[in-house]
Amino acid sequence: MEKYKKEDAYIRAEKRLKELKGFYWHAFWYVVVNLFLIGMVVVNGGDIMHFGTFSTALFWGIGLGFHALGIFGKNLMFSKDWEDRKVQEFMDKEKKKWE
């Protein structure tokens, strides 16, 4: 049983690491590509204050924000610890009924 718990914890940690790594790569490419695009607009004499200059960054940024919520936001309220506490709470209530 102890081996199973350790293996399960390792699998969860590995999955979390892959999620974080994916988010950081997403953020890295967001910065690199958008700096390049905005830089190209400026170098080629485009208007820096035009909506089109920042539209890619804006809409991709919205997507990146949702990605961040998916990675970091899901543990704000309904984390594994919260689930474990609730399960224990429900089990304790059931136990009191039968005592």
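For the structure itself, consult the block above.
Rules used in this analysis
Residues numbered from 1 in each chain as written. Predicted model: local features only at pLDDT ≥ 70, side-chain atom pairs only at ≥ 80, totals over all residues. Heavy atoms only, no water. Phe/Tyr/Trp six-rings, centres within 6.5 Å; stacked < 30°, edge-to-face > 60°. Helix = DSSP H or I, 4+ residues; strand = E, 2+ residues; numbered from the N terminus. Expected span 1.5 Å × (residues − 1). Buried < 20%, exposed > 50% of the residue type's maximum accessible area, 1.4 Å probe, protein only. Salt bridge = Lys/Arg side-chain N within 4 Å of Asp/Glu carboxyl O. Contact = heavy atoms within 4.5 Å.

Colleague: Explanation requested: the packing of aromatic side chains in the structure shown.
Modeller: One pair of aromatic rings is described through two measures. These are the centre distance and the angle between the planes. Counted by the stated rule, this structure contains six aromatic pairs. Between the aromatic rings of Phe28 and Trp29, the centroid separation amounts to 5.0 Å while the plane-to-plane angle is 75°, which identifies the pairing as edge-to-face.

Colleague: Explain helix H1 (residues 2-43) here, please?
Modeller: Given 3.6 residues per helical turn, the α-helix brings residues three or four places apart onto the same face. Counted at 1.5 Å a residue, the expected span for H1 with its 42 residues is 62 Å, and the 61 Å between its end C-alpha atoms agrees. Of the residues making up H1, those classed as buried are Glu19, Phe23, Asn34 and Ile38. Immediately downstream of H1, the backbone of Gly45 shows phi near 80°, a positive value.

Colleague: When you look at the pattern of salt bridges in this model, what are you seeing that I'm missing?
Modeller: Where charged atoms from two side chains of opposite charge approach closely, those side chains can pair. Taken as a whole and assessed by the stated rule, the structure comprises three salt bridges. Glu19 is the partner of Lys15 in a salt bridge, and the nearest nitrogen-oxygen pair spans 3.4 Å. Of the two residues, Lys15 and Glu19 are both situated in helix H1; the distance of four residues between them amounts to about one turn of the helix. Each of Lys15, Arg16 and Glu19 takes part in salt bridges that share partners, so that together they form one network.

Colleague: Got a minute to help me understand the environment of Ser79 in this structure?
Modeller: Tracing the sequence through the fold places Ser79 in the loop between helix H2 (51-77) and helix H3 (80-98). Sequence-wise, Ser79 and Phe23 are 56 residues apart; in three dimensions their C-alpha atoms are separated by 19 Å.

Colleague: What exactly am I supposed to notice about the side chain of Thr53 here?
Modeller: Residue placement: Thr53 occurs in helix H2. Its relative accessible area of 8% is what places Thr53 among the buried residues. The contact partners of Thr53, leaving out residues within four places of it in the chain, are Ile38, Val41, Asp47 and Ile48.

Worth remembering: the numbers are spatial, not functional.
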